[in-house]
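Architecture at a glance
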Amino acid sequence: MAYKISDDCCACGTCAGECPVEAISDGGNGKYEINADACLDCGTCAGVCPMGAIAQA
């Protein structure tokens, strides 16, 4: 099950820089988005998010 970024995202980009498969990108709407097809479910993004905006979907 892929991770998902909530509306609490502050668009800092920390998660995108830590994703080992580059599955996270700027969604252009004030928050980042995770490509569920590319996500490995490793949880690295959730661990580094300063806002706690990332959780398993």
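To start, this report covers the structure provided alongside it. It should be emphasised that the depicted structure is a prediction, and the values quoted were computed from it without experimental measurement.

Let us now look at the environment of alanine 16. Within the secondary structure, alanine 16 is located in helix 1 (residues 14-18). When the C-alpha positions of alanine 16 and cysteine 39 are compared, they lie 12 Å apart, and in sequence the two are 23 residues distant. With near-sequence residues (within four places) excluded, alanine 16 lies in contact with Ile24 and Tyr32.

If you walk through the whole model with that rule in mind, you get one salt bridge. Salt-bridge contacts for aspartate 7 lead to lysine 31; the nearest nitrogen and oxygen are separated by 3.2 Å. With aspartate 7 in the loop between strand 1 (3-5) and helix 1 and lysine 31 in the loop between strand 2 (24-26) and strand 3 (32-34), this residue pair connects regions lying 24 residues apart in the sequence. Note on lysine 31: relative accessible area 17%, which makes it buried.

How each quantity is defined
- Residues numbered from 1 in each chain as written.
- Predicted model: local features only at pLDDT ≥ 70, side-chain atom pairs only at ≥ 80, totals over all residues.
- Heavy atoms only, no water.
- Helix = DSSP H or I, 4+ residues; strand = E, 2+ residues; numbered from the N terminus.
- Contact = heavy atoms within 4.5 Å.
- Salt bridge = Lys/Arg side-chain N within 4 Å of Asp/Glu carboxyl O.
- Buried < 20%, exposed > 50% of the residue type's maximum accessible area, 1.4 Å probe, protein only.

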